[in-house]
Amino acid sequence: MSDESSGMHLTLEIWRQDDADDRGRMETYHLDDVSPDMSFLEMLDVLNEQLISGGREPVAFDHDCREGICGACSLVIDGKAHGADAETTVCQLHMRRFKDGDTIHVEPWRANAFPVVRDLVVDRSAFDRIIARGGYVSVGTGSAPDANAIPVPKDRAESSFEAAACIGCGACVAACPNASAMLFVAAKIAHLSHLPQGAPERDRRVLAMVDQMDREGFGNCTNHFECGAACPKGIEVETIARMNREFLSAALRER
Amino acid sequence: MLRSLGNALASSVGRKLVLGATGFLLVGFLLEHLHGNLKLTPIPGLGDAEGEKFDTYVEFLKSFGAGLYLAEIGLLLLFVAHIVIALKLAMENREARKQGYVVRSDRGAKTVGSASMHVTGALLLLYLIKHLLDFRFDAGFHESPAAFVAETLSQPVQALIYIAVSVVIGIHLSHGFRSAFQSVGFSHPRWNPLLVVTGRALAAVIALGFAWIPIYFLFFHG
Ligand code: FES
């Protein structure tokens, strides 16, 4: 697709912020010769090389696997978490989705619970603290158990697996008009609670994880369902309803 | 046990459950209220132009005596719980993202109804106060209910306010009904499309039903 003379010319409006205390601002950059085959992050790599060779500070952004499985990449592109493509992380987004001459706005996740560390990097340790409160199962530490020792119905295994697809990127929070983390928390609860292995901590898990979510200062879900639409792993908002049920029965059973 | 249940209901998920549950009960009240109000207009088997059926209905409600007051207190509590929780959530949600996006674009999941819940809710609260002053706390209403309503709603400004508020209720319910199911934990891929359609249909029926009454008094009565 790339024509012989050059690649795309892009104008980038990128959020720059020196540290957590800096007020931050959008800055404008021009990039020539962007190949449509580059991923969005590779395009930012090119920009950073250009900045570094010009003696300027590169743009800080999070990334790790670059294959859509780790959840590190976290950019809001033209107002959408992970960009406009459905079920695609930024690292899997390609420049062919943009047009020559486009102006692209790049911002970090915005939520009080995700403070900006620098430029496009936010601190998502709130998610880690939620996981630490109940996102685990107890297992015996003897010899390895036999495979299939615990029968799991197929539909349960599947619904658990669907929830387990959550990579914890935080796009749900970024996309939610209320900065709520309920899709993430619901997914983390669901993938354990749907399995017999997760049953012993089931009630405690949902109560503790919701409690931690509230402590972290995320907003409250009002069922806009923007989270589900933005989730790069296609986690359904039905998961949140399930968490609400699970929470109610745990609260009623609690002694 | 009660204390831990109280804590649970005060959490984000707990308040959402209460908001949804009170919302359902308020929709139930609205439907009965609409049923009663339609007696003001000539609908075969329901109401008549003279308002006799409506006056009989008011007498019937008053015949409960103290029971009616109890029901009113219950209703008041429902409204207060629904409103207080919604206000609290709206305020917290505003706080949850102090620094907003420079460019913001949603993916079309958000609706006019969902995005305006706090606005329609606030308007309905103001209206509720006005409505109670207009009828519940006005001695004229209690002397001859139907005639008093007719007199009030044949004033164009009053009628327009009541029509406008019917639309606001419709917008609120277009999101509220479906949303309440999700909040109390009901969601199923097989039923969700039906819930969306039912919610919108119910919102339209309630809005048109309530709007019909001022429209009738403004244009067709007397
Ligand atoms: S970098 Fe790992 S998911 Fe994008």
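For clarity, every value in this text was computed on a predicted model and none was experimentally measured. (Residues numbered from 1 in each chain as written. Chains lettered and ligands numbered in written order. Predicted model: local features only at pLDDT ≥ 70, side-chain atom pairs only at ≥ 80, totals over all residues. Heavy atoms only, no water.)

Asker: Outline the overall build of chain B, supporting the account with residue identities and numerical values.
Answerer: Along chain B, the regular secondary structure elements total 10 helices and 0 strands. If you list the helices and strands of chain B from N to C, you get α-α-α-α-α-α-α-α-α-α. With respect to the principal axes defined by its C-alpha atoms, chain B has extents near 55 × 45 × 35 Å. The 222 residues of chain B split such that 42% are buried. Of all intrachain contacts in chain B linking residues separated by at least 6 positions in sequence, the fraction that spans at least 24 positions is 74%. In the form shown here, chain B has an accessible surface area of approximately 11800 Å², with 73% of it arising from carbon and sulfur atoms. Charge separation in chain B, taken as the distance between the mean sites of 18 positive and 14 negative side-chain charges, equals 22 Å. (Helix = DSSP H or I, 4+ residues; strand = E, 2+ residues; numbered from the N terminus. Buried < 20%, exposed > 50% of the residue type's maximum accessible area, 1.4 Å probe, protein only. Contact = heavy atoms within 4.5 Å. Areas by Shrake-Rupley, 256 points an atom, 1.4 Å probe, with all protein chains shown as cover. Lys, Arg positive; Asp, Glu negative; His and termini not counted. Charge placed at Lys NZ, Arg CZ, Asp CG, Glu CD.)

Asker: Describe the interface of chain B and chain A, listing the residues and the values that go with them.
Answerer: Taken together, the contact pairs 43 residues of chain B with 53 residues of chain A. Overall, the association of chain B and chain A removes approximately 3900 Å² of surface from exposure, summing both partners, and the carbon and sulfur fraction of that is 51%. Remark: the boundary between chain B and chain A carries 0 salt bridges. Our count for the chain B to chain A interface comes out at 36 residue pairs in polar contact (both at pLDDT 80 or more). Grouping the constituent residues of the side of chain B that touches chain A by class yields 15 nonpolar, 17 polar and 11 charged. (Buried area = accessible area lost by both parts, 1.4 Å probe. Salt bridge = Lys/Arg side-chain N within 4 Å of Asp/Glu carboxyl O. Polar contact = N/O pair within 3.5 Å; in protein donor to acceptor, adjacent residues only side chain to side chain. Nonpolar A, V, L, I, M, F, W, Y, C, P; charged D, E, K, R; others polar.)

Asker: How would you summarise the environment of B:Val103 if you had to cite specific residues and measurements?
Answerer: The residue B:Val103 is located in the loop between α4 (66–95) and α5 (112–115) in this model. Since its relative accessible area comes to 21%, B:Val103 is described here as partly exposed. The residues contacting B:Val103, other than those within four sequence positions of it, are A:Asp78, A:Gly79, A:His105 and A:Glu107.

Asker: Could you give an account of the pairing of strand β5 (residues 103–107) of chain A, naming the residues involved and the relevant values?
Answerer: Walk down a regular strand and you will see the side chains alternate between the two sheet faces. All names here are of chain A. The pairing of strand β1 (residues 8–16) with β5 spans 4 bridges and is parallel. Residue pairing for β5: Glu 13 is matched across the bridge by His 105. The pairing of strand β3 (residues 76–77) with β5 spans 2 bridges and is classified as antiparallel. What sits directly across from Ile 77, in β5, is Val 106. (Pairing = 2+ DSSP bridges.)

Asker: Please give an account of the packing of aromatic side chains that cites residues and values.
Answerer: Per the stated rule, a full pass over the model turns up 20 aromatic pairs over all chains. On the numbers, 6.4 Å between centres and 75 degrees between planes, the contact of B:Phe54 with B:Phe141 is edge-to-face. Pair noted here: B:Phe54 is in helix α3 (residues 52–62) and B:Phe141 is in helix α7 (residues 139–143), with a separation of 87 residues, a long-range link. The class of B:Phe54 is buried, set by a relative accessible area of 5%. Here the aromatic rings of B:Trp212 and B:Tyr216 are separated by 5.7 Å at their centres, their planes lie at 50 degrees, and the arrangement is tilted. Highlighted residues: B:Trp212 and B:Tyr216, both in helix α10 (residues 192–220), separated by 4 residues, approximately one helical turn. Cluster of aromatic residues (ring-pair linked, three or more members): B:Phe54, B:Tyr127, B:Phe135, B:Phe141, B:Phe148 and B:Tyr162. Positioned over the ring face of A:Trp15 is A:Arg110, at 4.1 Å from the centre of the ring. (Phe/Tyr/Trp six-rings, centres within 6.5 Å; stacked < 30°, edge-to-face > 60°. Lys NZ or Arg CZ within 6 Å of the ring centre and 35° of its normal.)

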